[in-house]
Amino acid sequence: MKRMLYYMERDFRRWLRGRVNVLSTLILPAAWLIFVGLALPIRFTDNYLDFIAPGILVLTMLGASLQGGSLLMFDKVLGYLQKFLALPAPRESILFGKILFITLRGLIQATVILAIAILLGANFLNPALIASIYAVLFIFGILLSSVMATIALKVEDHDSYAAINAMVSMPLFFTSSALMPYDQMPGWLAAIARLNPVSYAIDAIRDLQAGVFPATTLLGLLIGAALVLLVSVMVFRRATV
Amino acid sequence: MDTAFTYLKIGSGRSSSLATIETSGLTKRFESLVAVDHLDLAIDREIFGLLGPNGSGKTTTVKMLTTLLIPTEGDATICGYSVTKDPLAVREQISYVPQDMAVDPKLTGRENVIFFAKVYGVPRPREVADEALAMLDLAPRADDLVRTYSGGMRRRLELAQALVHDPAVLFLDEPTIGLDVAGRRRIWEHIIALKDRGMTVFVTTHYMDEADHACDRIGIIDHGRVVATDSPAALKASVCRDIVSIRADGPLPGGLPEGVAFLGRTDGEFRFEADRGDEMGPVLSRAFARAGLAVRAVSVRQPTLDDVFLALVGESDDTEAFDDRRFRRMLRRR
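Residues numbered from 1 in each chain as written. Chains lettered and ligands numbered in written order. Predicted model: local features only at pLDDT ≥ 70, side-chain atom pairs only at ≥ 80, totals over all residues. Heavy atoms only, no water.

Undergrad: Describe in detail the sheet that holds strand β14 (residues 295-301) of chain B, supporting the description with residues and values.
TA: All names here are of chain B. Overall, antiparallel pairing links the four strands, which are arranged β12-β13-β11-β14 in an open sheet. With one partner strand each, in any of the chains shown, β12 (261-266) and β14 form the two edges of the open sheet. Neighbour-to-neighbour, the strand axes of this sheet turn through a mean angle of 20°, independent of strand direction. Bridge count between β12 and strand β13 (residues 269-274): five bridges; the pairing is antiparallel. If you follow Phe262 over to β13, its bridge partner there is Phe272. (Pairing = 2+ DSSP bridges. Helix = DSSP H or I, 4+ residues; strand = E, 2+ residues; numbered from the N terminus. Axes fitted to C-alpha atoms, helices over the stretch in contact; angles between N-to-C directions.)

Written as structure tokens, this is what we have:
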């Protein structure tokens, strides 16, 4: 499992060298937080920022994870992945390294968003709350980045990956409980939103905000992450390039 | 090159009754296409060059031997380990340098090599990386970003990466493609030095002159079948003997030396075929002089691997219409 850390270390070195990337991934969630969180006239709550902040935190993880698959695609197009697959190191260490990097990078970005949210006046200043939010985001990040890394392994090139990414990202966000509570949604949207894994993560954070332990949503996320990881490991073990 | 390497032990004491690489009936089919057809090879502590036209099955063969593709039929062993039954053990013994320049441009040369040493689980990754870099003459530029490296340097960096775990077998897919003349020569010098240390090198290439110069043995593959395997010299000898051309005026003198066959005459140039052209040239020249003919020029042309290749494979490639979808499918499956 040490090898997983070496793969991760490599991606961190690369990431920190590309300074534009570090910044660009933060723009979208920050914009949501400021322009929607502060400006949207909403009637169902008097503190929309508090309501939307969990959604934006999860959106940050979502964006980071979706973008993360392209790292594997990059290795594949470069021919680097072929070398990795011919290494004696267990192949899942490539997968775990990528997942860990993507998730930790997402958490770093989420930290910045969390700081902005707190500065804007959202009520998050509770160490236990923040720690449990990180735990939820971590599980969610693993779930999604594992899916995206496996998709990247299977699809042909950057274009196909970008197409899948575009197809998945916005619908996942808009059909979640990020922007409004279930009782404010039209019935059909609420039905979709209750199935959406993004809602699971958001609802878990909202429960934590309200001081409730989100047992069911957390369990749902954990089971989802475990299943997806299992499938991904199998796909990676059998990968031929 | 012969400095003592403390941490990097290339070719350190191996012995086995089996040849390092052995294939028996190795076959790969993609639907109706037979990419590799019952390959039987035995390769041991030498530079083995696999030559063939595009799409002849070279890369598919390498991918099967490096456990990246599962054979449809047959098997191969690397250092006694089967590629189908024991792929992990095979991967411990080999290094694979694919055709694309697979180095990370955003890392420095040293970081690239250290990364591989760590992933291979080498005990002292930093020291091993330093030595591998020194061995490939990359030490002075080791801390520059690979983005700034030339093509030749990137290739050498790939070789350095491939050496960190002291592999018994090195697979190189088109190692000199896209390099300038000096870069190519340098890569081959390094490859030959590795063989001299006891490593088995399996290389695919399009460049006949390079294969002729560097490979101990050559296999020529066409439509997935190996049509010939031998040393470059033996292959060349099998195709045709040396051609001696003599420019002189007058009729063909009588009493030709033994073992020389007269081929024909065009515009005052006599052409002969002989076993040792370099020795027969002067002999023939003296025979001409004795007959009172003024010899104006003597030239000897030895057959090249190009001749061998064309004789065995022909120029028949690209006869089929280019089927884009099939091509893409093949690329994907390779």
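Undergrad: I'd like a description of helix α7 (residues 158-174) of chain A, backed by residues and values.
TA: All names here are of chain A. Look at α7: 25 Å from first C-alpha to last across 17 residues, which is about the 24 Å you get at 1.5 Å a residue. Every buried residue of α7 is accounted for by Tyr161, Asn165, Ser169, Leu172 and Phe173. Down the axis of α7, the sector holding all buried residues measures 85°, keeping them to one side. Those residues of α7 that are exposed and angled more than 90 degrees off the buried face are Asp159, Ala166 and Met167. The secondary structure elements touched by the buried residues of α7 are α2 (19-36), α3 (48-78), α6 (127-154) and α9 (197-209). (Expected span 1.5 Å × (residues − 1). Buried < 20%, exposed > 50% of the residue type's maximum accessible area, 1.4 Å probe, protein only. Arc of directions from axis to C-beta. Contact = heavy atoms within 4.5 Å.)

Undergrad: Please provide a residue-by-residue account of the interface of chain A and chain B, values included.
TA: Counting from both sides, the interface comprises 25 residues of chain A and, opposite them, 33 residues of chain B. Across the chain A to chain B interface the summed buried area is about 2,800 Å²; carbon plus sulfur atoms make up 57%. Three residues, Arg17, Lys83 and Pro88 of chain A, lead the burial of chain A against chain B; their summed loss comes to 23% of the area buried on that side. Our count for the contact surface shared by chain A and chain B stands at six salt bridges. Between Glu111 of chain B and Arg17 of chain A there is a salt bridge; the shortest N-O distance is 2.8 Å. At the junction of chain A with chain B, the criterion picks out 12 residue pairs in polar contact (both at pLDDT 80 or more). Looking at the side of chain A that touches chain B, the elements that each hand over two or more residues are α1 (2-17) and α4 (80-85) of chain A. For the side of chain A that touches chain B, a count of residues per class yields 11 nonpolar, five polar and nine charged. (Buried area = accessible area lost by both parts, 1.4 Å probe. Salt bridge = Lys/Arg side-chain N within 4 Å of Asp/Glu carboxyl O. Polar contact = N/O pair within 3.5 Å; in protein donor to acceptor, adjacent residues only side chain to side chain. Nonpolar A, V, L, I, M, F, W, Y, C, P; charged D, E, K, R; others polar.)

Undergrad: Describe the packing of aromatic side chains, naming the residues involved and giving the relevant values.
TA: Residues and elements named next belong to chain A. Within this structure, the stated rule accounts for 20 aromatic pairs over all chains. Ring centres 5.0 Å apart and planes at 70° place the aromatic pair Trp32 and Phe173 in the edge-to-face group. Of the two residues, Trp32 is situated in helix α2 and Phe173 in helix α7; the sequence distance between them amounts to 141 residues. For the pair Trp32 and Phe173, one class covers both residues: buried. (Phe/Tyr/Trp six-rings, centres within 6.5 Å; stacked < 30°, edge-to-face > 60°.)

Undergrad: Help me get a handle on the packing of α3 of chain A against helix α5 (residues 92-120) of chain A, residues and values and all.
TA: Residues and elements named next belong to chain A. α5 packs onto α3 with a crossing angle of 150° between their chain directions and a minimal axis gap of 8 Å. When the axis of α3 is compared with that of α5, the two are roughly antiparallel. Crossing of α3 against α5: the hand is right-handed. Here the residues of the contact of α3 with α5 sort into 17 nonpolar, eight polar and three charged. (Parallel < 35°, antiparallel > 145°, perpendicular 65-115°, else oblique. Left-handed = near helix turned anticlockwise from the far one by under 90°.)

Undergrad: I'd like to hear about the sheet that holds strand β8 (residues 200-205) of chain B, residue by residue, with values.
TA: Residue and element names in this part refer to chain B. Strand order in the open sheet formed by six strands is β6-β7-β8-β3-β9-β10, with mixed pairing between adjacent strands. Since the sheet does not close on itself, it has two edges, and those belong to β6 (94-97) and β10 (225-230), each with one partner. If you compare each strand with its neighbour and ignore which way they point, the axes differ by 15° on average. Note that strand β3 (residues 47-51) and β8 share five bridges and pair parallel. Paired with Gly49 across the bridge in β8 is Val203.

Undergrad: Quick rundown of a nonpolar patch on the surface? Include the residues and the values.
TA: A surface patch of nonpolar side chains, about 360 Å² in accessible area, is lined by Ile34, Phe35, Leu38 and Leu120 of chain A. Mapped onto the fold, Phe35 of chain A is located in helix α2. (Patch = residues over 30% accessible without salt bridge, like charges linked within 9 Å, V, L, I, M, F, W, Y side chains within 5 Å. Areas by Shrake-Rupley, 256 points an atom, 1.4 Å probe, with all protein chains shown as cover.)

Undergrad: Now, about unusual backbone geometry: what can you tell me, with residues and values included?
TA: All names here are of chain B. Despite not being glycine, Glu31 has its phi angle at roughly 50°, a positive value. If you check the backbone angles, His223 has positive phi at about 50° while not being a glycine. The exposed category is assigned to His223, whose relative accessible area is 60%.

Undergrad: Just give me the short version of α9 of chain A, but keep the residues and values in it.
TA: Residues and elements named next belong to chain A. With 13 residues, α9 should cover 18 Å at 1.5 Å per step; its first-to-last C-alpha distance of 19 Å lies within 8% of that length. Three or more residues of α9 are buried, namely Val198, Ser199, Ala201, Ile202, Asp203, Ala204, Ile205, Arg206 and Leu208. The elements touched by buried residues of α9 are α3, α6, α7, α8 (187-195) and α10 (215-238). Where α9 begins, one side-chain oxygen reaches toward the backbone nitrogen of Val198, 2.9 Å away; that side chain belongs to Asn196. Once α9 ends, the next one or two residues include Gly211, with phi positive near 85°.

Undergrad: Any details on the pairing of strand β1 (residues 21-30) of chain B? Residues and values, ideally.
TA: All names here are of chain B. Along β1, seven of the 10 residues are buried, which leaves the element largely enclosed by surrounding structure. In this sheet, strand β4 (residues 73-78) lies alongside β1 in antiparallel orientation, the contact comprising five bridges. Each residue of the ladder has a partner; that of Thr27, found in β4, is Glu73. When β1 meets strand β2 (residues 33-43), the two strands line up antiparallel, connected through seven bridges. Within β2, the residue paired with Leu26 across the bridge is Leu39.

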